[in-house]
Amino acid sequence: MKHLLLIVFVAFNVGYAQSSDTTNLTDAAGLKQGWWVIYAKDKKPMPANYTADNKYEEGKYKDSKKTGVWYTYFPNGKVKSEITFTNGSAKGYAKVYYEDGKVQEEGNWENGRWTGSYKMYHPNGKLFYEFNYNTSGKREGTQTYYYDNGQVMMKGDMKNGKESGTWKGYYENGEPKDVKVFNDGVIDKTKSETYASKENIVETPDPPVKNAPKQQQIDPNTVKKNEAEQKKNPFMGDGCAKLYNMNKQIEADGCFKKYKLIDGKDYIYSKDGILIQIAVYKNGVYQGDAPIEEEGKK
């Protein structure tokens, strides 16, 4: 019996050694193959708030191109995102988490944008957004917003990224709040109405997320829309727009008030111009990060 246990122990250790030796491999041509574990010290620049030996991401390579599901991690070791890759590009189902392990957002990610059904959650786990995107990454069809108590906040349709038809808003207690009628993204105030609540409701924003990045103040002298949009509808600091920096990289995409991003995504770059973070804001408050398309980091 002692000899049998010894054989089993040796076999286990040999198997473990073999599995350890089959990670982070390159073939004769120098191409990455199989399962790779990448630590914070391997990233250039090293991500903020990580130590050198923190595991940053792991997944499978085929001919130096990411394939299948890749996992990224918070400094505390919990999963930060699960992103599906095909032939080196993020393409497929993706899921992003809050640092406490709750799901933050999920949907299909392709060509640097969400497509199809998409969901984002409040920090308490309740559904926040329930959107639909077309293949161009623009919102299409029914769109629904929720309060963190589960009550519908607002609901309506969009066509090719613009509000369409009747949108209905609600207070947190479920009472009707307003009705807004849109035509190609433009509100028709003559057909829109706002209702007073029967209760004295005070709406409060979500609490800020830990380790929030410093929000960039948009500089009107260094950002602009693409040239065609700028000529047609110049950006004056208010409203919704996709803005670019002097290097023609996306600086921010969302809705602004006095050049400050209120709802949308803030794109953060290193000094070398490498995209290192996409911060998501709601009501001016940081909510977490969106996944970064891999070729956007090159």
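Scroll up a little and you will see the structure.
Anyway, here's the lowdown on the structure attached to this text. Values in this document were obtained by computation on a predicted structure and should not be read as measured data. (Residues numbered from 1 in each chain as written. Predicted model: local features only at pLDDT ≥ 70, side-chain atom pairs only at ≥ 80, totals over all residues. Heavy atoms only, no water.)

Further remarks concern the nonpolar core. Counting residues in each nonpolar core, the largest one holds 26 residues, and the members touching the most others are W70, W114, Y118, M120, Y129, F131 and I278. Of all the elements in the fold, those that place two or more residues in this core are strand 2 (32-39), strand 5 (79-86), strand 6 (89-97), strand 8 (113-121), strand 9 (127-133) and strand 19 (275-282). Broken down by element, the residue count for this core peaks at four residues, all from strand 9. If near-sequence neighbours (up to four positions away) are discounted, W70 is found in contact with W36, I38, E57, E58, G59, K60, Y61, S81, E82, I83 and F85. A252, F256, I268 and A279 belong to the second largest nonpolar core, which has 10 residues in total. (Core = buried A, V, L, I, M, F, W, Y, C linked by side-chain atoms within 4.5 Å. Buried < 20%, exposed > 50% of the residue type's maximum accessible area, 1.4 Å probe, protein only. Helix = DSSP H or I, 4+ residues; strand = E, 2+ residues; numbered from the N terminus. Contact = heavy atoms within 4.5 Å.)

Glancing now at the environment of K271. Structurally, K271 can be placed in the loop between strand 18 (260-269) and strand 19. Separated by 226 residues in the primary sequence, K271 and P45 have C-alpha atoms spaced 9.5 Å apart.

Now for the pairing of strand 4 (residues 65-73). Note: strand 3 (residues 55-62) against strand 4, five bridges, orientation antiparallel. Among the inter-strand pairings, E58 is bridged to a residue of strand 4, identified as Y71. Count of turn residues in the strand 3/strand 4 antiparallel hairpin: two residues, of which D63 carries a positive phi of about 55 degrees. Pairing analysis gives six bridges linking strand 4 to strand 5, with the strands arranged antiparallel. Bridge pairing in strand 5 places V69 opposite T84. The hairpin turn running from strand 4 into strand 5, its antiparallel successor, is five residues long, and G77 in that turn takes a positive phi close to 95 degrees. (Pairing = 2+ DSSP bridges.)

This next bit is on the state of the cysteines. Tallied over the full model, the rule gives one disulfide. Put simply, C240 and C255 are joined by a disulfide, and their sulfur atoms are 1.9 Å apart. Disulfide C240 to C255: torsion about the S-S bond roughly 85 degrees, handedness right-handed. Of this pair, C240 sits in strand 16 (residues 239-244) while C255 sits in strand 17 (residues 250-257), and the two are 15 residues apart along the sequence. For C240, a relative accessible area of 54% translates into the label exposed. (Disulfide = S-S within 2.5 Å.)

What follows is about unusual backbone geometry. For the bond running from K44 to P45, omega is -5 degrees, close enough to zero to count as cis. In this structure, P45 sits in the loop between strand 2 and strand 3. Its identity is not glycine, yet S64 carries a phi of approximately 65 degrees, on the positive side. Here S64 shows up in the loop between strand 3 and strand 4. For N87, which is not glycine, the phi dihedral falls at a positive 55 degrees.

Our next topic: the pattern of salt bridges. Overall, the coordinates contain seven salt bridges when judged by the stated rule. A salt bridge links E57 to K43; the shortest N-O distance between them is 3.1 Å. With E57 in strand 3 and K43 in the loop between strand 2 and strand 3, this pair connects stretches of sequence that are 14 residues apart. Like E57, the residue K43 is buried in the burial classification. Here D100 and K102 are joined by a salt bridge, their closest N and O atoms 3.3 Å apart. A relative accessible area of 41% means that D100 is categorised as partly exposed. Three or more residues are tied together by salt bridges with common partners; here these are K43, E57 and K66. (Salt bridge = Lys/Arg side-chain N within 4 Å of Asp/Glu carboxyl O.)

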